[in-house]
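# Descriptive structure summary
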Amino acid sequence: MFANTRVLFISLLVAFLALSGCQTPPPKGLTPAQVAVLKQQGFELTDEGWAFGLSGKVLFGSDVETLNKPSTDIVERIGSALVGAGIERVRVDGHTDASGKEPYNVALSLRRAKSVGKVLTRVGMKEENIQLRGLGSSEPVASNTTTAGRTENRRVSIVVIAD
């Protein structure tokens, strides 16, 4: 009788441990539906997460930090889609061309990021969930030796932070 109880206890313990090992951990990161929204909005998966490079879409004039109407519309559309999909955290990186001194460019690029952040909060994203960075001219996407290249480098990018 003692042997049967012991075998039953060990069998139940093994079964319990096996079942507890099969449990799925709570989901981490983005859901398939959220990824679909990101792809639909033009985000691409990068080493840093899902990024929407606004180069060619949201550009700034030389020494300008405010968004024009078409650029504001793009950021509103993206922000609304993110909020609607339950994506709550983003990073906004501001960039400049290489004209001027770098300390000024870093400050200008941060002001550009802030202008995008303001639009994102207006469409419902919480301010504390928007990380702003001013990167100055440190990450060009085009050559700063041409007018067209400098124009491309005056931009912002939005990166979805999924954790």
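None of the values given here were measured: they were computed from a predicted structure. (Residues numbered from 1 in each chain as written. Predicted model: local features only at pLDDT ≥ 70, side-chain atom pairs only at ≥ 80, totals over all residues. Heavy atoms only, no water.)

Assigned secondary structure in the chain consists of five helices and five strands. Helices and strands in the chain line up, N terminus first, as α-α-β-β-α-β-α-β-α-β. Per-residue burial for the chain yields a buried fraction of 35% across its 163 residues. Taking the contacts inside the chain whose residues are at least 6 apart along the sequence as the reference set, 73% of them involve residues at least 24 apart. Summed over all atoms, the accessible surface of the chain reaches about 9700 Å², with 59% contributed by carbon and sulfur. (Helix = DSSP H or I, 4+ residues; strand = E, 2+ residues; numbered from the N terminus. Buried < 20%, exposed > 50% of the residue type's maximum accessible area, 1.4 Å probe, protein only. Contact = heavy atoms within 4.5 Å. Areas by Shrake-Rupley, 256 points an atom, 1.4 Å probe, with all protein chains shown as cover.)

Let us look at the pairing of strand β4 (residues 130-134). When a strand is regular, its side chains alternate between the sheet's two faces. In terms of strand pairing, strand β3 (residues 90-94) meets β4 through five bridges, oriented parallel. Residue pairing in the sheet places R91 in a bridge with Q131 of β4. (Pairing = 2+ DSSP bridges.)

Once that is clear, we can look at the nonpolar core. A general trend in soluble globular proteins is that nonpolar side chains are found buried together. Core analysis: the largest hydrophobic core is formed by 23 residues, its most contacted members being F43, L82, V90, V92, V116, L120 and V160. Looking at this core, the elements that each hand over two or more residues are α2 (32-41), β2 (49-53), α3 (69-84), β3, α4 (102-122) and β5 (156-160). (Core = buried A, V, L, I, M, F, W, Y, C linked by side-chain atoms within 4.5 Å.)

Once that is clear, we can look at the packing of α2 against α3. With their axes 10 Å apart at the nearest point, α2 and α3 run at an angle of 170 degrees to one another. As the angle between them shows, α2 and α3 are arranged roughly antiparallel. Counted together, V37, L38 and Q41 of α2 and R77, I78, A81 and L82 of α3 form the full contact between these two elements. (Axes fitted to C-alpha atoms, helices over the stretch in contact; angles between N-to-C directions. Parallel < 35°, antiparallel > 145°, perpendicular 65-115°, else oblique.)

The next subject is the sheet that holds β4. Read from one edge of the open sheet, five strands run β1-β2-β5-β3-β4, paired in mixed fashion. Each edge of the open sheet carries a strand with a single partner, namely β1 (44-46) and β4. On average, adjacent strands in this sheet sit at an angle of 30 degrees to one another, irrespective of strand direction. Of the strands in this sheet, β3, β4 and β5 touch α4, which is tilted by about 160 degrees from β4.

With that settled, the discussion passes to the packing of aromatic side chains. Throughout the structure, instances matching the rule amount to one aromatic pair. With a centroid separation of 5.3 Å and an interplanar angle of 50 degrees, the aromatic rings of F43 and F52 are classed as tilted. Exposure class is identical for F43 and F52. Each is buried. (Phe/Tyr/Trp six-rings, centres within 6.5 Å; stacked < 30°, edge-to-face > 60°.)

Another aspect to go through is the pattern of salt bridges. Counted under the stated rule, the structure contains eight salt bridges. Of the charged contacts in the structure, one is a salt bridge between D73 and K69, with a shortest N-O distance of 2.7 Å. Taken together, the residues D73 and K69, both in helix α3 and four residues apart, mark about one turn of the helix. On the basis of relative accessibility, which here comes to 58%, the residue K69 falls in the exposed class. The partner of R133 in a salt bridge is D93, with the nearest N and O atoms 2.8 Å apart. Residue R133 is located in strand β4, and its partner D93 is located in strand β3; the two are separated by 40 residues in the primary sequence. The structure contains a network of salt bridges with shared partners spanning E48, R91, D93 and R133. (Salt bridge = Lys/Arg side-chain N within 4 Å of Asp/Glu carboxyl O.)

Taken across its five residues, β3 has five buried, putting it largely inside the fold. Across the two faces of β3 the burial is the same, with V90, V92 and G94 and R91 and D93 all buried. Crossover β3 to β4 through α4 is right-handed. (Right-handed = clockwise from strand over helix to strand, strands pointing away.)

Remember, this is a structural readout, not a statement about activity or role.
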